[in-house]
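Now for the letters of each chain:
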Amino acid sequence: MIRTRRTGRGHAPRRGRGAAAATAAVAVLALTAVTAGCEPQAAGSTPAAPAPAPTSGTPTDDAKPGTDKPGTATATPPVSAEPSTKPSAKPSAPPKSAPAPDPQGKVLMASGAQGEQVRELQARLRQIGHFDRSPTGYYGTVTVASVQSFQGKRGLSRTGKADTLTWQKLLGMTHEPTAAELNPPTTRPVAKPDKRCMTGRVICISKNSRSLSWMIDGKVLSSMDVRFGSQYTPTREGTFSVYWKSRHHVSTLYDSPMPYAMFFSGGQAVHYSSDFAARGYNGASHGCVNVRDEGKIASLFAQVHNGDKVVVYS
């Protein structure tokens, strides 16, 4: 305190105006920091650089392709310093193994097949007593049963299919079929031709012997097995002539194929029948003359002309 001369009383010394102004400024700054929500930093720490503002453009190289929308930046997820506690992904199931190959090998022929190799199969089976008819070239139910019989006798799986192993065993037990074995004249004895068949070009058909003979001037050029209609749809007998040939014909009444059809009386025709080839005489036609050997009927179809005679007799 300083005593004055006038009163003798003490008083505080006056501060300058600058000091008062500085004090007021500090107070204002303190208030501003509190209301702005700034985080305090530890003593001696370096302030963190401000995060860059989001920018438009393509994702960074760290982004997974196809996970970001075009025109937006992708933030890199933080990496934890501690090992993850999430369970590891479930191991994928082992790949399924390929099916084991058939021990009898690749299937070479099966039901529905047709052609010269089928004809050879049938001829070889016939050599050793497993096929009881002339080869037809069609792999039907009779051929399936014959192959099953052969496989059973040889300790093979009775699939009825001519696979590699079955074929090899059959080749080892048989000889190469001759032309007569592949295309025998007929499985049935040919009947004595009717006298009407002795002149001209004639398809001579015997119901009694169930055979067809292609004849020119009394000479038999080829013969083949045939079957006829049932008692409810009998094949007509008499002398006729071929009036229409249709190679890929399909019946409009029964919606069934009639390949190599040679029509001779209304809707009745001589034609190939896969059902006859497969089931033999267990079935019947709807009046047509069925041939079960496709090779023979194809050859006959090529030789017969419209106008050639057809004789059907008992």
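Notes on the structure follow. Only a predicted model underlies this, so the values are computations on that prediction, with no experimental measurement involved.

Once that is clear, we can look at the packing of helix α2 (residues 116–127) against helix α4 (residues 164–173). Between α2 and α4, the least distance of the axes is 10 Å, while the angle of their chain directions is 55°. With respect to their mutual orientation, α2 and α4 come out oblique. Crossing handedness for the pair α2 and α4: left-handed. Residues Q117, E120, L121, R124 and L125 of α2 form the contact with α4, whose own contacting residues are W167, L170 and L171. Class assignment for the residues of the contact of α2 with α4 results in five nonpolar, one polar and two charged.

This paragraph deals with the environment of T174. Position of T174 relative to the elements: it lies in the loop between α4 and α5 (179–182). Along the primary structure T174 and R124 are separated by 50 residues, whereas in three dimensions their C-alpha atoms are 6.0 Å apart. For T174, the side chain forms a polar contact with the side chain of R124, separated by 2.7 Å. Within the local environment of T174, its side chain forms a polar contact with the backbone oxygen of L170, the two atoms lying 2.7 Å apart.

When the sulfur atoms of two cysteines share a covalent bond, that bond is a disulfide. A complete count under the given rule lists one disulfide for this structure. Shown here is the disulfide that connects C197 with C204, its sulfur atoms set 2.1 Å apart. Its S-S torsion of about 80° marks the bond between C197 and C204 as right-handed, since a negative value means left-handed.

Scanning the model with the defined rule gives five aromatic pairs in all. Summarising the aromatic geometry, the rings of F240 and F264 are spaced 5.4 Å apart at their centres and angled 50° between planes, so their arrangement reads as tilted. Pair noted here: F240 is in strand β8 (residues 238–241) and F264 is in strand β10 (residues 257–265), with a separation of 24 residues, a long-range link. Summarising the aromatic geometry, the rings of Y260 and F301 are spaced 5.7 Å apart at their centres and angled 70° between planes, so their arrangement reads as edge-to-face. One end of the pair, Y260, is in strand β10; the other, F301, is in helix α7 (residues 294–303), with 41 residues separating them in the sequence. Here Y260 falls in the buried class, since its relative accessible area comes to 9%. Residue classification places F301 among the buried residues on the basis of a relative accessible area of 14%. Ring-pair connections join several aromatic residues into one group, and the members of that group are Y243, W244 and F263. Sitting above the plane of the Y281 ring, R210 keeps its charged end 3.9 Å from the centroid.

What follows deals with the pattern of salt bridges. A complete count under the given rule lists eight salt bridges for this structure. Here R196 ties to D194 by a salt bridge, and the two come within 2.8 Å at their closest N and O atoms. For R292, the salt bridge identified is with D225, shortest N-O distance 2.7 Å. Taken together, the residues R292 in the loop between β12 (289–291) and α7 and D225 in strand β7 (residues 219–227) connect sequence positions 67 residues apart. Accessibility expressed as a relative area gives 5% for D225, which makes it buried. Via salt bridges that share partners, E116, R119 and D293 belong to a single interconnected network.

Core analysis: the biggest nonpolar cluster contains 25 residues, and I205 and V270 have the highest contact counts within it. If near-sequence neighbours (up to four positions away) are discounted, I205 is found in contact with S211, L212, V226, F228, V270, V289, V310, V311, V312 and Y313. Listed in part, the 13 residues of the second largest apolar core include M109, L121, V144 and V147.

We now examine the packing of α2 against helix α3 (residues 141–153). α3 packs onto α2 with a crossing angle of 50° between their chain directions and a minimal axis gap of 11 Å. Judged by the inter-axis angle, α2 sits oblique to α3. Two packed elements cross with a definite hand, and for α2 against α3 that hand is left-handed. Contacts between α2 and α3 pair L121, Q122 and L125 from the former with T143, S146, V147 and F150 from the latter. For the contact of α2 with α3, a count of residues per class yields four nonpolar, three polar and no charged.

For the rest of this paragraph, the subject is α2. With twelve residues, α2 should cover 16 Å at 1.5 Å per step; its first-to-last C-alpha distance of 17 Å lies within 8% of that length. What α2 keeps buried is the set V118, R119, L121, Q122, A123, R124 and L125. Of the surrounding elements, those touching the buried residues of α2 are β3 (107–109), α3, β4 (162–163), α4, α5 and α7. A positive phi of about 80° marks G129, the residue just after α2.

What counts, and at which threshold
Position labels on residues start from 1 in each chain and follow its written sequence. Totals for whole chains, interfaces and linings use all residues, but because this is a predicted model, local features are given only for residues with pLDDT of at least 70 and pairs of side-chain atoms are given and counted only at 80 or more. The basis for every side-chain value is the complete set of non-hydrogen atoms in the structure, without hydrogens or water. All axes here are fitted lines through C-alpha atoms, helices being fitted over the stretch that makes contact, and every angle between N-to-C directions spans 0 to 180 degrees. Strands are runs of DSSP state E lasting at least two residues, helices are runs of H or I lasting at least four, and both sets are numbered from the N terminus onward. Any angle between 65 and 115 degrees counts as roughly perpendicular, while under 35 counts as roughly parallel, over 145 as roughly antiparallel, and the rest as oblique. Each helix crossing is assigned a hand: it is left-handed if the near helix lies turned anticlockwise from the far helix by less than a right angle, otherwise right-handed if that turn is clockwise. Whether two residues are in contact is decided by their heavy atoms: any pair within 4.5 Å suffices. Here the nonpolar group is Ala, Val, Leu, Ile, Met, Phe, Trp, Tyr, Cys and Pro; Asp, Glu, Lys and Arg are the charged ones; every other residue, Gly included, is treated as polar. Between N or O atoms, a polar contact is any pair within 3.5 Å; within protein, one atom must be a potential hydrogen donor and the other a potential acceptor, and residues adjacent in sequence are included only when both atoms are from side chains. Criterion for a disulfide: a pair of cysteine sulfur atoms within 2.5 Å. Here is the rule: rings of Phe, Tyr and Trp (six-membered ring for Trp) pair when centre to centre is within 6.5 Å. Planes less than 30 degrees apart are stacked, more than 60 are edge-to-face, and the remainder are tilted. Summary of the burial criterion: residues with accessible area below 20% of their type's maximum are buried, those above 50% are exposed, and those between are partly exposed, where the area comes from a 1.4 Å probe applied to protein chains only. Placement of a positive charge over a ring is assigned whenever Lys NZ or Arg CZ falls within 6 Å of the ring centre and within 35 degrees of the normal to the ring plane. Salt bridges are defined as contacts in which a side-chain nitrogen from Lys or Arg sits within 4 Å of a carboxyl oxygen from Asp or Glu. Only buried Ala, Val, Leu, Ile, Met, Phe, Trp, Tyr and Cys residues count toward a nonpolar core, and they belong to the same one when joined by side-chain atoms within 4.5 Å. Helix span is expected to be 1.5 Å times the residue number reduced by one.

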